[in-house]
Amino acid sequence: MKPTSTALLCGVVFGLGLGLAGMTNPAKVLSFLDVTGDWDPSLAFVMAGAIAVYAPAYRLVTRRSAPHLGPRFHLPTRRDIDARLVVGALLFGAGWGLGGFCPGPALVSAAGLGRSALVFTVAMVFGMAVFSWGQHHGDAR
């Protein structure tokens, strides 16, 4: 199978999983984040299930010298926590809490032309463009 076909298949499976888990429903996500109100813990089970599959698979796959569809693994090398990481995490969390979407579920919902998902996705792309512009202009100094 070609890398592009494999990526498409993985994206479709991931999108279906997000939809089945309820991650594309902002009301469900916001209920999960509302730990002091009408809390819905069901997404915690989704996350626990994902970790239970990912953790052993990661250990198994990274024992290989290279991935099946590429010359090498692209794993992070930095382990420090800096201001950029903290600010990025805060922005991610604020966007998730305010909109009820994170990037993956937003793209899945936007494909269904949901208005709130489209607004969130446009704002997300705009934020990415602003960041990229700042990175480019920051490197020019």
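As shown above, the structure is provided for reference.
Residues numbered from 1 in each chain as written. Predicted model: local features only at pLDDT ≥ 70, side-chain atom pairs only at ≥ 80, totals over all residues. Heavy atoms only, no water.

## Let's talk about the overall build of the protein chain
Part 1: The helix and strand tally for the protein chain stands at 6 helices and 0 strands.
Part 2: With respect to the three principal axes, the spread of C-alpha positions in the protein chain is 45 × 45 × 30 Å.
Part 3: For the protein chain, the residues scored as buried account for 16% of the 141 residues in total.
Part 4: Within the protein chain, contacts between residues at least 6 apart in sequence are counted, and of these 38% link residues at least 24 apart.
Part 5: When the accessible surface of the protein chain is summed, it comes to about 10,700 Å², and 70% of that surface belongs to carbon and sulfur atoms. (Helix = DSSP H or I, 4+ residues; strand = E, 2+ residues; numbered from the N terminus. Buried < 20%, exposed > 50% of the residue type's maximum accessible area, 1.4 Å probe, protein only. Contact = heavy atoms within 4.5 Å. Areas by Shrake-Rupley, 256 points an atom, 1.4 Å probe, with all protein chains shown as cover.)

## Comments concerning the packing of aromatic side chains
Part 1: Tallied over the full model, the rule gives 3 aromatic pairs.
Part 2: Both rings, one in Phe 101 and one in Phe 120, keep their centres 5.7 Å apart while their planes meet at 50 degrees; by these two values the pair is tilted. On the criterion of sequence distance, the pair formed by Phe 101 in the loop between α4 (83–99) and α5 (103–111) and Phe 120 in helix α6 (residues 115–139) is long-range, its members being 19 residues apart.
Part 3: A relative accessible area of 17% places Phe 120 in the buried class. (Phe/Tyr/Trp six-rings, centres within 6.5 Å; stacked < 30°, edge-to-face > 60°.)

## Re the environment of Thr 121
Part 1: Mapped onto the elements, Thr 121 comes out in helix α6.
Part 2: Judged by its relative accessible area of 11%, Thr 121 is buried.
Part 3: The spatial distance from the C-alpha of Thr 121 to the C-alpha of Ser 31 is 21 Å, given a sequence separation of 90 residues.

## Remarks on α5
Part 1: Among the residues making up α5, those that are buried are Pro 105, Ala 106, Ser 109 and Ala 110. Viewed end-on, α5 has its buried residues packed into an arc of 135 degrees, placing them on one side of the element.
Part 2: Positive backbone phi, approximately 60 degrees, marks Leu 113, located one or two places after α5. (Arc of directions from axis to C-beta.)

## Quick look at a nonpolar patch on the surface
Part 1: Residues Ile 81, Leu 85, Val 86 and Leu 90 make up a contiguous nonpolar surface patch of roughly 410 Å² in combined accessible area.
Part 2: Within the secondary structure, Leu 90 sits in helix α4. (Patch = residues over 30% accessible without salt bridge, like charges linked within 9 Å, V, L, I, M, F, W, Y side chains within 5 Å. Salt bridge = Lys/Arg side-chain N within 4 Å of Asp/Glu carboxyl O.)

## Observations regarding the nonpolar core
Part 1: In terms of nonpolar packing, the biggest core is built from 8 residues, these being Leu 18, Ala 21, Met 23, Val 29, Phe 32, Leu 43, Trp 96 and Cys 102.
Part 2: Mapped by element, the contributors of at least two residues to this core are α1 (3–21) and α2 (26–33).
Part 3: Each residue touching Leu 43, except ones within four places of it in the same chain, is listed here: Ala 21, Met 23, Lys 28, Val 29 and Phe 32. (Core = buried A, V, L, I, M, F, W, Y, C linked by side-chain atoms within 4.5 Å.)

## Regarding the side chain of Thr 121
Part 1: Within the structure, the side chain of Thr 121 is placed 2.7 Å from the backbone oxygen of Ala 117, a separation counted as a polar contact.
Part 2: Aside from chain neighbours lying at most four places away, what touches Thr 121 is Ala 106, Leu 107 and Ala 110. (Polar contact = N/O pair within 3.5 Å; in protein donor to acceptor, adjacent residues only side chain to side chain.)

## Brief notes about the pattern of salt bridges
Pairs may arise between side chains of opposite charge once their charged atoms sit close together.
Part 1: Tallied over the entire structure, the rule returns 3 salt bridges.
Part 2: In this structure, Asp 40 engages Lys 28 in a salt bridge whose closest nitrogen and oxygen atoms are separated by 3.2 Å. Here Asp 40 is found in the loop between α2 and α3 (42–61), whereas its partner Lys 28 is found in helix α2, with 12 residues between them in sequence.
Part 3: By relative accessible area, Lys 28 is classed as partly exposed at 23%.
Part 4: Between Arg 78 and Asp 80 there is a salt bridge; the shortest N-O distance is 2.8 Å.
Part 5: On the accessibility criterion, Arg 78 (55% relative accessible area) is exposed.
Part 6: By relative accessible area, which is 43% here, Asp 80 ends up partly exposed.
Part 7: Connected through salt bridges with shared partners, the residues Arg 78, Asp 80 and Asp 82 form a single ionic network.

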